[in-house]
Amino acid sequence: MKVTLEKASELIKQGETVAIPTETVYGLAADAFNINAVKKIFEQKGRPADNPLIVHICDLNQLQDVAKDFSDDLQKLTDRFWPGPLSVVLKKRKSVPDIVTGGLDTVAVRMPDHPLTLELIKKTGPLTAPSANKSGRPSPTNPRHVIEDFGDDFPILDGGASKLGLESTVLDLSGDSITILRPGFVDSKMIQDLLKKEVKLIAESDKKSGKKSPGTRFTHYKPKASVKWLDYSVKNISDSDSYFIFHSKTIKSSNRKNVHTYQGDYSSLARDLYDHFRTADYISCSTIYIEPFTDEKIHPLIPALKDRIKRAISS
Ligand code: AMP
Ligand code: MG
């Protein structure tokens, strides 16, 4: 059910949850300081309690309300990338309830780049919002996806389709080193060039244990169809119930059903990826084949795309 900005703000203030648009994916938002409201997010999504949430703010004063121990690096990053698809992990203030951070002493914060949502946060204060999908399902990138998971009656602030389509980069600034916990549109080179410092990528072992970022432990983004890297050496792949995604420049567009080609346009692939996952399920395809990435360096989005696809492949 589409709601106005005023209604969305009223619902949030009453301790309810509302689906909100952002440039990355749709979020399931609640007042970050209202424990009972945040509880509803976990219940509605079926999200494990130890997977912490990102707090969304609309200005830097609100950053002071939720986090502390700010550095020059943070200043440079927020000047350059906010509003935008970068979440930063910082030491949290006591006022942020433990339920938001899964009991951690840090909090992830982001200023989303969507005019409606920034306007909403101005009225309500900081909102905590994971993606507005049932846990384990592909993230929603338009209101139709939210309705698929939560039904027609769920309140949605409709801001159109998400421009970017992949979740934010999560960057840990709370320790001695600067570490990307989740790759996204803001990639390691952009951060390194700005800060003139080494930026680490979360180690595979930390990903598996969830020690640095509990969310890395979970299989997200999974359609019902099984997702596979396309192996050209395997013959006899059935066309009829398969779905194909090609991204390299050299593979020309196809008029065939269920074959999608991007010819090097990785931004469009990122924008469409979750919609493909959901569409493949909708038309009952059993397998989604994706062309493997041979070279990570040809586009800054490839690490993020690979991360999301690998999570969809793992079971
Ligand atoms: P989602 O809201 O589903 O996009 O997921 C949020 C991501 O941010 C998950 O991977 C979380 O593990 C990560 N995250 C949120 N808060 C923290 C935190 N305080 N420390 C480390 N990672 C966090
Ligand atoms: Mg999510």
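Residues numbered from 1 in each chain as written. Chains lettered and ligands numbered in written order. Predicted model: local features only at pLDDT ≥ 70, side-chain atom pairs only at ≥ 80, totals over all residues. Heavy atoms only, no water.

**Structural notes on the overall build of the protein**
Phase 1: Scanning the protein from N- to C-terminus turns up eleven helices and 14 strands.
Phase 2: In terms of overall dimensions, the protein is globule-like: its C-alpha atoms have a radius of gyration of 19 Å, near the 20 Å expected for 315 residues.
Phase 3: Principal-axis analysis of the C-alpha atoms places the extent of the protein at approximately 60 × 50 × 35 Å.
Phase 4: Put simply, of all contacts in the protein between residues at least 6 apart along the chain, 68% involve residues at least 24 apart.
Phase 5: For the protein, the distance from the average position of its 46 positive side-chain charges to the average position of its 41 negative side-chain charges is 3 Å. (Helix = DSSP H or I, 4+ residues; strand = E, 2+ residues; numbered from the N terminus. Rg over C-alpha atoms; globule rule 2.2 N^0.38 Å. Contact = heavy atoms within 4.5 Å. Lys, Arg positive; Asp, Glu negative; His and termini not counted. Charge placed at Lys NZ, Arg CZ, Asp CG, Glu CD.)

**So, the nonpolar core**
Phase 1: Counting residues in each nonpolar core, the largest one holds 55 residues, and the members touching the most others are L63, L77, W82, L86, L171, L173 and I191.
Phase 2: Those residues within four positions of L171 in sequence are excluded, and the remaining contacts are L77, L86, S87, V88, V89, I178, T179, I180, I191 and V199.
Phase 3: Judged by nonpolar contacts, the second largest core, of 26 residues, contains L164, Y243, I245 and A304. (Core = buried A, V, L, I, M, F, W, Y, C linked by side-chain atoms within 4.5 Å. Buried < 20%, exposed > 50% of the residue type's maximum accessible area, 1.4 Å probe, protein only.)

**Brief notes about the UniProt feature "domain: YrdC-like" (unreviewed entry) in the protein**
Phase 1: If you check UniProt for "domain: YrdC-like" (unreviewed entry), the listed places come out as residues 2–186 in our numbering.
Phase 2: Helix makes up 32% of residues 2–186 and strand 19%. Its end C-alpha atoms lie 31 Å apart. (UniProt positions renumbered as here; feature names shortened; annotations may be inferred.)

**With respect to the site of ligand 1**
Phase 1: Close contacts around ligand 1 come from 19 residues, with R47, T106, R182, S213 and G215 the closest.
Phase 2: A distance of 3.0 Å separates an oxygen atom of ligand 1 from a polar side-chain atom of R47.
Phase 3: R182 is positioned with one of its side-chain polar atoms (N or O) 2.9 Å from an oxygen atom of ligand 1.
Phase 4: Across the complex, the protein chains shield 97% of the 500 Å² of accessible surface that ligand 1 would expose by itself.
Phase 5: At the level of elements, β6 (106–110) and β9 (178–182) are the ones that each hand at least two residues to the shell around ligand 1.
Phase 6: A class-by-class count of the residues in the shell around ligand 1 yields eleven nonpolar, five polar and three charged. (Near = heavy atom within 4 Å. Polar contact = N/O pair within 3.5 Å; in protein donor to acceptor, adjacent residues only side chain to side chain. Areas by Shrake-Rupley, 256 points an atom, 1.4 Å probe, with all protein chains shown as cover. Nonpolar A, V, L, I, M, F, W, Y, C, P; charged D, E, K, R; others polar.)

**Details of the sheet that holds strand β12 (residues 242–246)**
Phase 1: Spatially, β11-β14-β12-β13 is the arrangement adopted by the four strands of the open sheet, whose pairing is parallel. The open sheet terminates on both sides in strands that have one partner only, identified here as β11 (226–229) and β13 (259–261). Each adjacent strand pair in this sheet contributes to an overall mean axis angle of 15 degrees, direction not counted.
Phase 2: Strands in contact with helix α10 (residues 266–282) are β11, β12, β13 and β14 (287–290); relative to β12, the strand with the most contacts, it is inclined by about 175 degrees.
Phase 3: Those strands touched by helix α11 (residues 302–313) are β11 and β14, and its axis lies near 125 degrees from that of β11. (Pairing = 2+ DSSP bridges. Axes fitted to C-alpha atoms, helices over the stretch in contact; angles between N-to-C directions.)

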